[in-house]
Amino acid sequence: QVQVAESGGGLVQPGESLRLSCVVSGTIRRIDGMRWYRQAPGKQRELVASIRGLVTYAESVKLRFTISRDDAKNSVYLQMINLKPEDTAVYYCNADVLQPSGRLSDYWGQGTQVTVSS
């Protein structure tokens with residue numbers, strides 16, 4: 001079994017920063033791609049950032065968000081600076097996990113709420 005758990009969300013004012021963390025645990029042989037998505041009320045879930053060797057970002061967060069990973073800890077992080085009200089959303093972690101059986105599947109966390117408001 002594989003579990004994905006996000007943390008670090010909260011309520012901040014515009015211009016402030018937050019750092020989200022995601023830990024993948026369970027029966028893991030290797031983790032390939034890791035991603036952060038977000039979903040705002042009434043909107044579709046969107047890809048914010050991904051990392052698998054190369055790093056990619058949504059245009060709306062470039063130069064403000066930084067994704068990183070620590071493979072020794074099976075973790076991925078999202079450092080967010082200069083937050084804006086439009087960044088308000090539930091942020092989800094997604095990981096491609098190769099299990100010892102050879103099965104490769106992607107797993108989602110429950111999400112962590114980020115609210116940017118004055």
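Because the structure is predicted, anything quoted here is derived from the model rather than measured. (Residues numbered from 1 in each chain as written. Predicted model: local features only at pLDDT ≥ 70, side-chain atom pairs only at ≥ 80, totals over all residues. Heavy atoms only, no water.)

Peer 1: Explain the overall build of the protein chain to me, please; I cannot follow it from the model alone.
Peer 2: Across its full length, the protein chain carries 0 helices and 11 strands. Starting at the N terminus and ending at the C terminus, the protein chain contains elements arranged as β-β-β-β-β-β-β-β-β-β-β. Against the 2.2 N^0.38 benchmark of 13 Å for 118 residues, the protein chain shows a C-alpha radius of gyration of 14 Å, consistent with a compact globule. Across its three principal directions, the C-alpha atoms of the protein chain cover 50 × 25 × 25 Å. (Helix = DSSP H or I, 4+ residues; strand = E, 2+ residues; numbered from the N terminus. Rg over C-alpha atoms; globule rule 2.2 N^0.38 Å.)

Peer 1: Could you clarify how one ought to interpret the sheet that holds strand β8 (residues 75-80) in this entry?
Peer 2: The strands making up a sheet associate through backbone hydrogen bonding, with each pair oriented either parallel or antiparallel. Reading across the sheet, the 4 strands line up as β1-β3-β8-β7 and stay open at both edges, with antiparallel pairing between neighbours. Looking along the sheet, the strands with just one partner apiece sit at the ends: β1 (2-7) and β7 (65-70). Strand after strand, the sheet turns through a mean of 15° between neighbouring axes, direction not considered. As defined by bridge partners, strand β3 (residues 18-26) adjoins β8 across 6 bridges and the pair is classed as antiparallel. Within β8, the residue paired with Leu20 across the bridge is Leu78. (Pairing = 2+ DSSP bridges. Axes fitted to C-alpha atoms, helices over the stretch in contact; angles between N-to-C directions.)

Peer 1: Just checking my understanding: could you explain the state of the cysteines for this structure?
Peer 2: Between two cysteines, a covalent bond joining their sulfur atoms is known as a disulfide. Overall, the coordinates contain 1 disulfide when judged by the stated rule. With a sulfur-sulfur separation of 2.1 Å, Cys22 is cross-linked through a disulfide to Cys93. Disulfide Cys22-Cys93: the torsion about the S-S bond is -80°, which places it as left-handed. One end of the pair, Cys22, is in strand β3; the other, Cys93, is in strand β9 (residues 89-98), with 71 residues separating them in the sequence. Given a relative accessible area of 0%, Cys93 falls into the buried group. (Disulfide = S-S within 2.5 Å. Buried < 20%, exposed > 50% of the residue type's maximum accessible area, 1.4 Å probe, protein only.)

Peer 1: Looking at this structure, how should I read the packing of aromatic side chains?
Peer 2: In this description, a pair of aromatic rings is defined by centroid distance and the angle of the planes. Per the stated rule, a full pass over the model turns up 2 aromatic pairs. Between the aromatic rings of Tyr37 and Trp108, the centroid separation amounts to 4.8 Å while the plane-to-plane angle is 50°, which identifies the pairing as tilted. Pair noted here: Tyr37 is in strand β4 (residues 30-39) and Trp108 is in strand β10 (residues 104-108), with a separation of 71 residues, a long-range link. Take Tyr37: its relative accessible area is 19%, and that puts it in the buried class. Relative to Trp108, the ring of Tyr92 lies with its centre 6.5 Å away and its plane at 80°, an arrangement referred to as edge-to-face. Note that Tyr92 is positioned in strand β9 and Trp108 in strand β10, a separation of 16 residues in sequence. (Phe/Tyr/Trp six-rings, centres within 6.5 Å; stacked < 30°, edge-to-face > 60°.)

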